[in-house]
Amino acid sequence: MKNFYADLDARLATLPFVAGDHFSAADITGLVTVDFATKAMSFPVPDERKALRRWVEKVSSRPSAAV
């Protein structure tokens, strides 16, 4: 997960969404992975992963992400 978070953070530092300029299935998959790691594995996104944290907040606030 450390490597996944690092790689995703680097990508999101240059793009608003995982696959580019628009929300896509890649963002849904990424959010599910981060949510699972955070809740089931007790491995939250580290504070230093600023771009990833911004993205998680952004995509989690979408109505479609509401549980």
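In the block above lies the structure referred to throughout.
Each value, and the rule that gives it
- Every chain's residues receive numbers from 1 upward, in the order its sequence appears when written.
- Side-chain atom pairs in this predicted model are given and counted only at pLDDT of 80 or more, local residue features only at pLDDT of at least 70, and totals for whole chains, interfaces and linings cover all residues.
- Based on all heavy atoms of the structure, the side-chain values leave hydrogens and waters out of the count.
- For helices the rule is a DSSP run of H or I covering at least 4 residues; for strands it is a run of E covering at least 2, with both sets numbered from the N terminus onward.
- Here the radius of gyration uses the C-alpha set of atoms, whereas the globule reference equals 2.2 Å times the residue count to the power 0.38.
- Only protein chains enter the calculation, and the probe is 1.4 Å; a residue is then buried if its accessible area is under 20% of its type maximum, exposed if over 50%, and partly exposed in between.
- The contact definition used throughout considers only heavy atoms, calling two residues in contact when any of these lie within 4.5 Å.
- In these tables, accessible area is a Shrake-Rupley quantity obtained with a 1.4 Å probe, and a residue counts as shielded only by the protein chains included in the view.
- Within this scheme the basic residues Lys and Arg register as positive and the acidic residues Asp and Glu register as negative, but His and the chain ends are omitted.
- Charge positions come from single atoms, namely NZ of Lys, CZ of Arg, CG of Asp or CD of Glu.

Student: Explanation requested: the overall build of the protein chain in the structure shown.
Tutor: When helices and strands are tallied, the protein chain shows three helices and zero strands. Across the protein chain, helices and strands are ordered from the amino to the carboxyl terminus as α-α-α. At 11 Å, the protein chain has a C-alpha radius of gyration in line with the 11 Å of a compact globule built from 67 residues. Taken along its principal axes, the extent of the C-alpha atoms in the protein chain is 30 × 30 × 15 Å. Looking at the protein chain residue by residue over its 67 residues, the buried ones come to 27%. At a minimum sequence separation of 6, the contacts of the protein chain that also span at least 24 residues come to 68%. Looking at the protein chain as shown, the accessible area adds up to about 4,400 Å², and 59% of this sits on carbon and sulfur atoms. Averaging the locations of the 9 positively and 8 negatively charged side chains of the protein chain gives two centres separated by 1 Å.

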